[in-house]
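The lines below spell out each chain.
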2 protein chains.
Amino acid sequence: MPRTDSRRLVLDHAARLFRERGYAETSQRDIADACGIRTASLYYHFASKEEIVAEVLNIGVATVSAEVERRVDALGPDAAPAARLQAAITGHLCALLELDNYTGANIRIFGHVPPRVREITMGPRDAYEAWWRDLLAKIAAQGAFRPEVDLKVIRLLLLGAMNWTVEWHRPRPDAAESVEAIARSLTDMALRGVFAEPAAAIA
Amino acid sequence: MPRTDSRRLVLDHAARLFRERGYAETSQRDIADACGIRTASLYYHFASKEEIVAEVLNIGVATVSAEVERRVDALGPDAAPAARLQAAITGHLCALLELDNYTGANIRIFGHVPPRVREITMGPRDAYEAWWRDLLAKIAAQGAFRPEVDLKVIRLLLLGAMNWTVEWHRPRPDAAESVEAIARSLTDMALRGVFAEPAAAIA
DNA sequence: GTCTATATAAGGATAGAC
DNA sequence: GTCTATCCTTATATAGAC
């Protein structure tokens, strides 16, 4: 393997730019400039812009998928449902906001890429969402959720709360809004809610 | 005023297309075609594509803002915190998913428009978010939230869970995932959580 | 693997007729 | 208010040298 993998360099810069500016707003010239090469040189590594973005999207799902499963598996098979949920949430947020730019790029631009690109990259994406479906289903099977809870809607709302962080979270020196803190807030809200007296909840 | 306001027709189709395909992915030709006119005719109503999208974004915020405030105000000044939160959540989701395409367009493309457009449209957007900040602050002042709750993070997570629905919700005949049902699920999770025994929550 | 040069298309925008 | 015609710029992509 080459000492500096220029193919990977292209992907890294592409992921960062796609995440920062969006897909259509990022030209191949932007990507090439960031890499210090010419636009035409990109075609040695990739056949088209769509091929670049497809690979960025796939790496993004692989990254978050690996991170989340790693953290949950590390807890062992007998971990409490609450701990498993917290580990999954922390892993998702960590991949999205800290690990690299691939997952963030995926979340930000997936809905804005050409339909063909969406089609060829949605397999792993669906598989990742299925993993979450399974996680919640297992927790429900243990009787940890209140029975009236709609698992599908809750899953989509939780993933939405997490995915949207990419729109507002900016890395900061202080730990007030660290990824850990956000994960704890979300887990806590999901588990017990934010109300002091839940009994006061609407019928 | 004219019998058919063609300026508004342009905005309506632009909002729909921006919401469906994104900003960069929607050309002025697409908008003109949808309206049954030529590209050049758009310039009678708007000076540029940026002027069109800026107005779409502003209408979107005005719509959701009016809807949310209307529903909360209708409860009267003595309504319970839980009812106010539920009304606000329902109003936001309703504007986003049912009322028209303007709010959905705003949420989907705001992060993808040229920086100048973001700058000139972020005033009302920030004001709307400030309204949410106030709502949660008032509820907190009544002592309804557990004291350790981080109001800023919770606000951003709630708005995120709602805003992300535009990525997955598709209108359906059955009421299983009606806007009302989604709003109830989210309000319920925010208030009391989804766990049967919150005591089992992580330290 | 990267370059220069260039083909080709698409999109935003303007001029001026009707 | 909408049209036809056209300009200008940008972007993807290709050809072929080094």
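Note that the structure is a prediction, hence the values are computed from the model and not measured.

Undergrad: Help me get a handle on the relation of the copies chain B and chain A, residues and values and all.
TA: When chain B is brought onto chain A, the operation consists of a screw motion whose angular component is 180 degrees and whose axial shift is 0.0 Å, with 0.0 Å RMSD remaining. Put plainly, the chains are arranged around a two-fold axis. Interface residue correspondence from chain B to chain A reaches 100%, placing this contact among same-surface, isologous pairings.

Undergrad: Run through the protein's contact with DNA strand C, naming residues and quoting values.
TA: Neighbouring DNA strand C are 13 residues, the closest being Arg38(A), Ser41(A), Tyr44(A), His45(A) and Gln28(B). Protein-proximal atoms of DNA strand C, defined as those within 4 Å of the protein, fall in sugar or phosphate at a share of 67%. Measuring from a phosphate oxygen of DNA strand C, one finds a side-chain N or O atom of Ser41(A) at 2.7 Å. Tyr44(A) places a polar side-chain atom, nitrogen or oxygen, 2.8 Å from a phosphate oxygen of DNA strand C. Mapped onto the surface near DNA strand C, the elements with two or more residues apiece are helix H3 (42-45) of chain A together with helix H3 (39-45) of chain B. Taken together, the residues that form the surface near DNA strand C break down as five nonpolar, six polar and two charged.

Undergrad: Lay out the protein's contact with DNA strand D with the relevant residues and their values.
TA: Around DNA strand D, 14 residues are found, and the nearest of them are Lys49(A), Arg38(B), Ser41(B), Tyr44(B) and His45(B). Looking at DNA strand D alone, sugar and phosphate atoms form 67% of those within 4 Å of the protein. At 2.9 Å from a phosphate oxygen of DNA strand D is found a main-chain nitrogen or oxygen belonging to Lys49(A). Interatomic distance of 2.5 Å between a side-chain N/O atom of Tyr44(B) and a phosphate oxygen of DNA strand D. In terms of residue count, H3(B) provides more of the surface near DNA strand D than any other element does, four residues in total.

Undergrad: Could you give an account of helix H6 (residues 102-109) of chain B, with specific residues and numbers?
TA: Residue and element names in this part refer to chain B. Burial of H6 is extensive: eight of the eight residues sit out of reach of the surface. Considered for burial, the residues of H6 that qualify are Tyr102, Thr103, Gly104, Ala105, Asn106, Ile107, Arg108 and Ile109. Summarising the contacts, the buried residues of H6 are in contact with helix H1 (6-21), helix H4 (49-73), helix H5 (81-99), helix H7 (115-141), helix H8 (151-163) and helix H9 (165-168).

Undergrad: Tell me about the interface of chain B and chain A, and please be specific about residues and values.
TA: Counting residues at the interface gives 52 residues for chain B and 52 residues for chain A. Taken together, both faces of the contact between chain B and chain A bury some 4,900 Å²; the carbon and sulfur share is 65%. On inspection of chain B and its partner chain A, the count reaches four salt bridges. Between Arg146(A) and Asp188(B) there is a salt bridge, and its shortest N-O distance comes to 3.5 Å.

Undergrad: Explain the side chain of Glu177(A) to me, using residue names and the numbers behind them.
TA: With respect to the secondary-structure elements, Glu177(A) resides in the loop between helix H9 (165-168) and helix H10 (179-192). Here Lys152(B) takes part through its side chain, which lies 2.9 Å from a polar atom of the side chain of Glu177(A). When near neighbours in sequence (up to four residues on either side) are disregarded, Glu177(A) contacts Trp168(A), His169(A), Ile182(A), Lys152(B) and Val153(B).

Undergrad: An account of the packing of H1(B) against helix H2 (residues 28-35) of chain B is needed here, citing residue identities and associated values.
TA: All names here are of chain B. Here H1 crosses H2 at 125 degrees, and the two axes come no closer than 9 Å. Comparing the axis directions of H1 and H2 gives the class oblique. Between H1 and H2 the crossing geometry is right-handed. Mapping the contact onto sequence places Leu9, Val10, His13, Ala14, Arg16, Leu17, Phe18 and Arg21 in H1 and Asp30, Ile31, Ala34 and Cys35 in H2. Each residue belonging to the contact of H1 with H2 can be placed in one class, and the counts come to eight nonpolar, one polar and three charged.

Reading guide: rules and limits
Residues numbered from 1 in each chain as written. Chains lettered and ligands numbered in written order. Predicted model: local features only at pLDDT ≥ 70, side-chain atom pairs only at ≥ 80, totals over all residues. Heavy atoms only, no water. Least-squares fit on C-alpha atoms with pLDDT ≥ 70 in both. Contact = heavy atoms within 4.5 Å. Near = heavy atom within 4 Å. Polar contact = N/O pair within 3.5 Å; in protein donor to acceptor, adjacent residues only side chain to side chain. Helix = DSSP H or I, 4+ residues; strand = E, 2+ residues; numbered from the N terminus. Nonpolar A, V, L, I, M, F, W, Y, C, P; charged D, E, K, R; others polar. Buried < 20%, exposed > 50% of the residue type's maximum accessible area, 1.4 Å probe, protein only. Buried area = accessible area lost by both parts, 1.4 Å probe. Salt bridge = Lys/Arg side-chain N within 4 Å of Asp/Glu carboxyl O. Axes fitted to C-alpha atoms, helices over the stretch in contact; angles between N-to-C directions. Parallel < 35°, antiparallel > 145°, perpendicular 65-115°, else oblique. Left-handed = near helix turned anticlockwise from the far one by under 90°.

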